[in-house]
Amino acid sequence: MNLVQKEVEKCDSLSGFFIIMSMAGGTGSGLGAFVTQSLQDQYSNSLRMNQIIWPYGTGEVIVQNYNSILTLSHLYRSSDALLVHENDAAHKICAKLMNIKQISFSDINQVLAHQLGSVFQPTYSTEGSFHYRRNPLGDLMESLVPHPEFKMLGVRNIPQMSESSLAYSTFTWTGLLKHLRQMLISNAKMEEGIDWQVQPHFSGHPTLGKMSLNKELHFNTSIANLVILRGKDVHSADLGGFKDPALYTSWLDPVNAFSVWKTQRAFCKYEKSAALVSNSQFLVKPLDMIVGKAWSMFASKAYIHQYTKFGVEEEDFLDSFTLLEQVIASYCNL
């Protein structure tokens, strides 16, 4: 923390911390959660956003579900927002969109870096402004995290393809935004294989408890969305589809639930590109799966001794299960 303090002292103004870490094991998850807690203690007035890597569904580590619930529950108490990248989704983008045969960690990191860059590269602060946004981290959280119970954010961007394909492709804002909107409501992680059958309910006010985990989560209800447009003719893009009240939970006005950032500067080699950061139900199923698997192991006391000998008690696990079950229930009832 002394090293962090030295860096903070060099800042003209400190808006917050962006903590990049894994979730499922190794040093990243435990240390990342501890550092986040320490930053909350020492810099309580600064924002904290954690970018976390969600583990592959088919396990990398036998205790990854334990590590995940412990990490997530601690971050939920000490972080302001969790920007989640799923390994399975990044892997599929490498295979399907980038046409990579032998996928390496470097390839996956490149996809994640591209998605982060599409969000955090500079944009103008307001329509018609010549000044770039000075506090993108704070602006992002102000737009997307209106309630401390809901702090899970996901990123989608379009288009994303190999350089060889890019040379033969042209894009329109109408086409890009139509695909991006459908990716949002059908919970598709990439533009290939979108389910076009999923459509919003006619009413923007769904009945309470309409969704249960036993039902398939077909329509992905949002709390808040941020669309970031980069490239040619950006001011001609029609974003009306993202302002539809049917996309959002009933307790937040769509005027407050949707934001847009723009710049005419192209991103990478894409003449036009769009990114979407969404606070929605996109993680309900993966989170429920991790909690369910961890609970099954915990009920049979599997591997618990590996934690208790280092001071993690059974009550710590129960606290984590309780908190995350509440998160799942809250997102289900949007």
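Note: the structure precedes this text.
Residues numbered from 1 in each chain as written. Predicted model: local features only at pLDDT ≥ 70, side-chain atom pairs only at ≥ 80, totals over all residues. Heavy atoms only, no water.

Q: Looking at this model, I keep getting lost on the overall build of the protein. Mind explaining?
A: Across its full length, the protein holds twelve helices and seven strands. Taken over C-alpha atoms, the radius of gyration comes to 20 Å for the protein, in line with the 20 Å a tight globule of 334 residues would show. Overall, the protein is about 60 × 50 × 45 Å in size when its C-alpha atoms are taken along their principal axes. Taking all 334 residues of the protein together, the buried fraction comes to 51%. Surface exposure of the protein reaches about 16600 Å², of which carbon and sulfur atoms provide 53%. Between the centroid of the 27 positive side chains of the protein and the centroid of its 30 negative side chains there is a distance of 6 Å. (Helix = DSSP H or I, 4+ residues; strand = E, 2+ residues; numbered from the N terminus. Rg over C-alpha atoms; globule rule 2.2 N^0.38 Å. Buried < 20%, exposed > 50% of the residue type's maximum accessible area, 1.4 Å probe, protein only. Areas by Shrake-Rupley, 256 points an atom, 1.4 Å probe, with all protein chains shown as cover. Lys, Arg positive; Asp, Glu negative; His and termini not counted. Charge placed at Lys NZ, Arg CZ, Asp CG, Glu CD.)

Q: Explanation requested: the packing of aromatic side chains in the structure shown.
A: Two measures describe an aromatic ring pair: the distance that separates the ring centres and the angle between the ring planes. Counted according to the given criterion, the structure contains 13 aromatic pairs. Centre to centre, the rings of tyrosine 124 and tyrosine 132 are 4.7 Å apart; their planes meet at 5°, and the pair counts as stacked. Its relative accessible area of 24% is what places tyrosine 124 among the partly exposed residues. For tyrosine 132, a relative accessible area of 33% corresponds to the partly exposed category. Between the aromatic rings of phenylalanine 150 and tyrosine 331, the centroid separation amounts to 4.9 Å while the plane-to-plane angle is 90°, which identifies the pairing as edge-to-face. Separated by 181 residues along the polypeptide, phenylalanine 150 in the loop between α6 (136-144) and β4 (152-158) and tyrosine 331 in helix α12 (residues 314-332) bring together distant segments of the chain. By the burial criterion, phenylalanine 150 is buried, and tyrosine 331 matches it. (Phe/Tyr/Trp six-rings, centres within 6.5 Å; stacked < 30°, edge-to-face > 60°.)

Q: Would you take a moment to explain the sheet that holds strand β7 (residues 272-280) for this structure?
A: Strand pairing within a sheet occurs via backbone hydrogen bonds; the two strands may be parallel or antiparallel. Read from one edge of the open sheet, seven strands run β1-β2-β3-β4-β7-β5-β6, paired in mixed fashion. Sheet topology places β1 (16-22) and β6 (258-263) at the edges, where each strand pairs with a single neighbour. On average, each strand axis in the sheet is inclined to that of its neighbour by 20°, with strand direction left out of account. Pairing analysis gives three bridges linking strand β3 (residues 81-86) to β4, with the strands arranged parallel. Bridge assignment links valine 84 to a residue of β4, and that residue is glycine 154. Along the sheet, α6 contacts β1, β2 (47-54), β3, β4, β5 (222-231), β6 and β7; its crossing angle with β2, the most-contacted strand, is approximately 80°. (Pairing = 2+ DSSP bridges. Axes fitted to C-alpha atoms, helices over the stretch in contact; angles between N-to-C directions. Contact = heavy atoms within 4.5 Å.)

Q: Explanation requested: the packing of helix α3 (residues 64-78) against helix α10 (residues 284-299) in the structure shown.
A: Packed helices, taken two at a time, are described by the angle between their axes plus the distance between the axes. In contact at an axis separation of 8 Å, α3 and α10 are set at 115° when each is read in the N-to-C sense. The two elements α3 and α10 cross, and the hand of that crossing is left-handed. Taken together, the residues of α10 that come into contact with α3 (itself represented by Asn65, Tyr66, Ser68, Ile69 and Leu72) are Leu287, Ile290, Val291, Lys293, Ala294, Met297 and Phe298. Residues of the contact of α3 with α10, tallied by class, amount to nine nonpolar, two polar and one charged. (Left-handed = near helix turned anticlockwise from the far one by under 90°. Nonpolar A, V, L, I, M, F, W, Y, C, P; charged D, E, K, R; others polar.)

Q: Please explain a nonpolar patch on the surface as it appears in this structure.
A: Together, Val61, Ile62 and Tyr303 make up an exposed nonpolar region whose accessible area comes to about 250 Å². Residue position: isoleucine 62 is located in the loop between β2 and α3. (Patch = residues over 30% accessible without salt bridge, like charges linked within 9 Å, V, L, I, M, F, W, Y side chains within 5 Å. Salt bridge = Lys/Arg side-chain N within 4 Å of Asp/Glu carboxyl O.)

Q: Explain the pairing of β5 to me, please; I cannot follow it from the model alone.
A: For a regular strand, side-chain orientation follows a simple rule: the groups alternate between the two sheet faces. Across the ten residues of β5, ten count as buried, placing the element largely inside the fold. Pairing of β5 with β7 involves nine bridges; the strand directions are antiparallel. Paired with leucine 226 across the strands is valine 277, a residue of β7. Two strands pair when backbone bridges link them, and β5 and β6 are joined in this way by six bridges, in the parallel orientation. Following the sheet pairing, isoleucine 228 is matched in β6 by tryptophan 261.

Q: Please explain the pattern of salt bridges as it appears in this structure.
A: When the charged atoms of two side chains lie near each other, side chains of opposite charge can form a pair. The tally for this structure, following the rule as stated, stands at eight salt bridges. The shortest N-O distance in the salt bridge between glutamate 271 and lysine 272 comes to 3.4 Å. Under the relative-accessibility criterion, glutamate 271 is labelled partly exposed at 41%. Through salt bridges with shared partners, a single ionic network connects Lys232, Glu271 and Lys272.

Q: Sorry if this is basic, but what is going on with the side chain of serine 78 here?
A: Considering the arrangement of structural elements, one finds serine 78 in helix α3. You can call serine 78 buried: its relative accessible area is 1%. Excluding residues within four positions of it along the chain, serine 78 makes contact with Thr36, Gln37, Gln40 and Arg48.

Q: In this structure, what is going on with α10? I would like to understand it.
A: For the α-helix, the turn length of 3.6 residues means that residues three or four positions removed from each other point alike. In this model α10 runs 22 Å from its N-terminal to its C-terminal C-alpha over 16 residues, within 8% of the 22 Å that 1.5 Å per residue would give. Taken as a whole, α10 has its buried residues at Val284, Pro286, Leu287, Ile290, Val291, Ala294, Met297 and Phe298. Each element contacted by the buried residues of α10 is listed here: β2, α3, β3, β4 and α12. Looking one or two residues past α10, lysine 301 carries a phi angle of roughly 60°, positive in sign. (Expected span 1.5 Å × (residues − 1).)

Q: Can you help me understand the environment of lysine 96 in this one?
A: Note on placement: lysine 96 falls in helix α4 (residues 87-96). Residues in contact with lysine 96, not counting those within four places in the same chain, are Met190 and Glu192.

Q: I keep staring at the nonpolar core and nothing clicks. Help me out?
A: Side chains of nonpolar character tend, in soluble globular proteins, to be buried together. Counting 88 residues, the largest nonpolar core has Met152 and Phe242 as its most contacted members. In this structure, methionine 152 is in contact with Leu72, Tyr76, Leu82, Val84, Ser278, Asn279, Ser280, Phe282, Leu283, Leu287 and Tyr331, ignoring residues within four places of it in sequence. Ranked by size, the runner-up nonpolar core spans ten residues in total, among them Ile53, Ile93, Cys94 and Leu112. (Core = buried A, V, L, I, M, F, W, Y, C linked by side-chain atoms within 4.5 Å.)

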